[in-house]
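# Examination of the molecular architecture
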Amino acid sequence: MDKLIATHKGYKIWQLSKESLIEFVSFVMKENYRNENYPRHEFNKVYSEELSNYNNSKIFVAKDNDNRIIGAIRLMQWNKNDELPITRLFGLNPMQYIVTDRTNENIWHIGRFAIDSDCEKATSAEIFKILIIYAIAPICRYKNGIMFAECDNSLLKMITELGIKAKALLNKGKDYLGSIAVPICIERDGMREFIGRNCSLALNI
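Residues numbered from 1 in each chain as written. Predicted model: local features only at pLDDT ≥ 70, side-chain atom pairs only at ≥ 80, totals over all residues. Heavy atoms only, no water.

## Examining the side chain of Asp-64
Topologically, Asp-64 is positioned in strand 3 (residues 57-64). Relative accessible area serves as the criterion here: at 14%, Asp-64 is assigned to the buried category. A polar contact is formed between the side chain of Asp-64 and the backbone nitrogen of Asp-66, at a distance of 2.9 Å. A polar side-chain atom of Asp-64 sits 2.8 Å from a polar atom in the side chain of Arg-68. (Helix = DSSP H or I, 4+ residues; strand = E, 2+ residues; numbered from the N terminus. Buried < 20%, exposed > 50% of the residue type's maximum accessible area, 1.4 Å probe, protein only. Polar contact = N/O pair within 3.5 Å; in protein donor to acceptor, adjacent residues only side chain to side chain.)

Laid out in structure tokens, this is it:
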């Protein structure tokens with residue numbers, strides 16, 4: 001059963017149950033491909049990945065007053081066994097970016113970020129910030145927290161403009177779910193400024 005996290009003007013934030021994965025993946029695919037005619041085999045692959053990783057994940061969505069998803073993000077704590085996208089897509093080993101004296105128990109992956117392209121600009125910007133807060137707040141609880149993700153250049157620019165200190169791991173990206181994505185990593189200290197300035201937007205973090 002989905003869990004209500006917070007109520008905002010015009011939308012609510014939910015943490016999704018496993019039963020809502022199809023709805024979640026359908027929304028992410030639609031927004032990534034900018035229409036509902038996305039490749040079915042890509043949907044099946046993404047759904048299979050999210051299903052297998054669900055027990056290590058938290059999925060947050062914003063839903064409007066008609067109960068439609070208008071924003072989504074997924075946070076996953078890495079078990080260091082399953083292959084992350086930065087390895088599968090780019091051949092990079094996450095462990096090579098971990099400082100040797102760091103405890104490696106708090107490595108995370110953030111993905112499936114999407115905002116409804118029909119959202120009003122102000123609402124979209126607010127949901128953008130709130131979903132990121134909910135995704136990175138658990139990472140910031142750990143002194144040595146670090147996260148990996150894949151994003152296109154426009155999303156990387158938006159994240160940087162928010163004061164999140166993301167480091168691109170490669171200069172050249174690859175086609176992934178309808179856009180050119182580059183792998184990035186962000187350490188805890190690179191997220192704390194953003195959390196400090198924007199935590200009033202989110203509840204229960």
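## A word on the packing of aromatic side chains
Taken as a whole and judged by the stated rule, the model has six aromatic pairs. When the ring of Tyr-38 is compared with that of Phe-43, the centres are 6.1 Å apart and the planes differ by 15 degrees; the resulting orientation is stacked. For the pair formed by Tyr-38 and Phe-43, the shared burial category is buried. A connected cluster of aromatic rings, assembled from ring pairs, spans Tyr-38, Phe-43 and Tyr-47. (Phe/Tyr/Trp six-rings, centres within 6.5 Å; stacked < 30°, edge-to-face > 60°.)

Nothing here speaks to function; it is all geometry.
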